[in-house]
Amino acid sequence: MAEKRAFVTGHPIAHSRSPKIHGYWLNKYGIDGSYQAIDVAPTDFADFLKSLGEEGYRGGNVTIPHKEAAFAGVARRDHAADEIGAVNTLWFEDGVLWGGNTDGYGFAANLDQYAPGWAVNGPAVVLGAGGASRAVIHALKERGIKDIRIVNRTLARAEELSRHFGPGVSAHGAVGELLADAGLLINTTALGMHGDATLSADPAGLPDHAIVTDIVYVPLETPLLAAARARGLNTVDGLGMLLHQAVPGFERWFGRKPEVTPELRRMIVADIEGH
Ligand code: ATR
């Protein structure tokens, strides 16, 4: 049988860790497949999508800046992609190009691994209102969290997400008293906790049972996670979200659900620390 082929596309793409993750699994399971990084400029992305079938790809991942263009360009989308408004995973079903979004799945699976039972822990405070925040809010809603508080420097963006996700999702311009009864604190801003007073969410203000997680994984221990750990709270770093979001795509293209093993994590940690 022909080699099964998949890819990750972005612009730039050289620093993507996805080829290492999928390459590890292909090797571990002895699958006759490949996963390559393909740099595609935004102006070429529509043509790239059209060429996938004839190039023989089973599908692939899409990253910055193509997630919205992929959302618009696929023939069908799964529910998560529609809710999040972006596509990070492509695959063919009966010759039709599908787009899905596995970022919310990866977020939840990471917490399942390192903080089992986390979903009974609401209310949740989410810092940031960008693309990553949408995936996190989608996952929180799916897991039944009824009180989700978005805090963002630009209040209007938080309000837009609050409207999009509906009842139980509120918008705030500052953290204020929001942490006092929160069970989960999630940072989705690239910036982490540096430099902006409105996002100075001090984990000291959280209850003892709260879980703190950051989707940023470089550095592995962000200032927020360090402060939460010093306060004695349960913390989960963001690397597991990257590893777990890769699982559904691999399973679709290569036919086997891969495991997020300690060995895989060590390999990617070494890569992060080496750069
Ligand atoms: P992503 O897709 O990674 O979430 P994004 O859509 O650019 O990226 O969103 C970045 C998030 O980080 C936003 O919530 C942004 O706040 P604004 O909506 O107010 O721009 C937040 N962010 C980025 N830089 C920031 C800063 N210096 N201070 C506070 N928030 C910041």
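Numbers given to residues run from 1 along each chain, matching the order in which its sequence is written. In keeping with the model being predicted, local features are shown solely for residues with a pLDDT of at least 70 and side-chain atom pairs are shown and tallied solely at 80 or more, while totals for entire chains, interfaces and linings include all residues. Computation of side-chain values covers all heavy atoms of the structure but excludes hydrogens and water.

Enquirer: Break down the site of the ligand for me, with residues and values.
Expert: Residues are counted as near a molecule or strand when any one of their heavy atoms sits within 4 Å of it. Around the ligand, the structure places 13 residues, and the nearest of them are Ala129, Asn152, Arg153, Thr154 and Arg157. Here a polar contact is recorded for every N or O atom pair within 3.5 Å, except that within protein the pair must consist of a potential hydrogen donor and a potential acceptor, and residues adjacent in sequence are included only if both atoms are side-chain atoms. Within the backbone of glycine 131, an N or O atom sits 3.2 Å from an oxygen atom of the ligand. In the model, an oxygen atom of the ligand is placed 2.6 Å from a nitrogen or oxygen of the asparagine 152 side chain. Note that accessible areas follow from Shrake-Rupley with a 1.4 Å probe, and for residues the cover is restricted to the protein chains shown. Taken by itself the ligand offers 640 Å² of open surface, and the protein chains cover 70% of this. A molecule is said to occupy a pocket when more than half its atoms come within 2 Å of that pocket's grid points, and by this definition the ligand occupies the largest pocket. Residue polarity is assigned by list, with Asp, Glu, Lys and Arg as charged and Ala, Val, Leu, Ile, Met, Phe, Trp, Tyr, Cys and Pro as nonpolar; anything else, Gly included, falls into the polar class. Counted by class, the shell around the ligand contains 4 nonpolar, 6 polar and 3 charged residues. Lining residues are those with an atom within 4 Å of a point, where the points come from a 1 Å grid over the protein atoms alone and group into cavities, where a 1.4 Å probe fits but cannot get out, or pockets, open sets with protein on both sides within 12 Å along at least five of seven lines. Pocket occupancy is defined atom-wise: a molecule lies in a cavity or pocket when more than half of its atoms are within 2 Å of its grid points.

Enquirer: Outline the pairing of strand E1 (residues 4–10), listing residues and values.
Expert: Taken across its 7 residues, E1 has 6 buried, putting it largely inside the fold. Tracing the backbone out of E1, into helix H1 (residues 18–28) and back to the parallel element strand E2 (residues 33–39) gives a crossover that is right-handed. By this definition, two strands are paired if DSSP reports at least two bridges between them. Put simply, DSSP H or I for four residues or longer makes a helix, DSSP E for two residues or longer makes a strand, and each gets a number counted from the N terminus. Sheet analysis places E1 next to strand E3 (residues 57–62), joined by 5 bridges and oriented parallel. Paired with threonine 9 across the strands is valine 62, a residue of E3. When a residue's accessible area, from a 1.4 Å probe over protein chains only, is under 20% of the maximum for its type it is buried; when over 50% it is exposed; and in between it is partly exposed. Viewed with both strands pointing away, a crossover whose connecting path from the first strand over the helix to the second turns clockwise is right-handed.

Enquirer: Before we move on, could you go through the domain arrangement of the protein chain and cite the residues and values that matter?
Expert: Partitioning the protein chain into domains gives domain 1 (4–102 + 246–274) and domain 2 (104–238). A straight line from the C-alpha centre of domain 1 to that of domain 2 covers 26 Å. Each side of the interface is counted separately: domain 1 has 15 residues, and domain 2 has 16 residues. As used here, buried area is the combined drop in accessible area, with a 1.4 Å probe, of two parts when they are placed together. Around 1,200 Å² of area is buried between domain 1 and domain 2 when both sides are counted, 53% of it from carbon and sulfur atoms. By definition, a salt bridge exists where a carboxyl oxygen of Asp or Glu is found within 4 Å of a side-chain nitrogen of Lys or Arg. Connecting domain 1 to domain 2 are 1 salt bridge. The residue aspartate 237 makes a salt bridge to arginine 265 at a minimum N-O spacing of 2.7 Å. In this assembly, domain 1 and domain 2 are joined by 6 residue pairs in polar contact (both at pLDDT 80 or more). A domain assignment, automatic or from a database, supplies the domain bounds used here. Pairs of residues are marked as contacts when any of their non-hydrogen atoms sit within 4.5 Å.

Enquirer: For the sheet that holds strand E9 (residues 169–172), give the residues involved together with the corresponding values.
Expert: Each strand in a sheet pairs with another by means of backbone hydrogen bonds, the pair being arranged parallel or else antiparallel. Here 6 strands make up an open sheet; going across it, the order is E9-E8-E7-E10-E11-E12 and the pairing parallel. Every other strand in the sheet has two partners, leaving E9 and strand E12 (234–236) as the edge strands with one partner each. Looking at each pair of strands side by side, their axes are set apart by 20° on average, direction ignored. Pairing analysis gives 3 bridges linking strand E11 (residues 211–214) to E12, with the strands arranged parallel. Note on E12: the bridge partner recorded for threonine 213 is valine 236. Strands in contact with helix H5 (residues 103–114) are strand E10 (184–187), E11 and E12; relative to E12, the strand with the most contacts, it is inclined by about 135°. Between N-to-C directions, angles span 0 to 180 degrees; the directions come from axes that are lines fitted to C-alpha atoms, helices contributing only their stretch in contact. Packed on one face of the sheet, helix H6 (residues 131–142) meets strand E7 (124–127), strand E8 (148–151), E9 and E10 and runs near 170° to E7.

Enquirer: Before we move on, could you go through the environment of alanine 2 and cite the residues and values that matter?
Expert: By secondary structure assignment, the location of alanine 2 is in the segment before E1. Among the residues examined, alanine 2 registers a relative accessible area of 63% and is labelled exposed. A sequence separation of 150 residues divides alanine 2 from asparagine 152, and the C-alpha atoms of the two residues are 49 Å apart.

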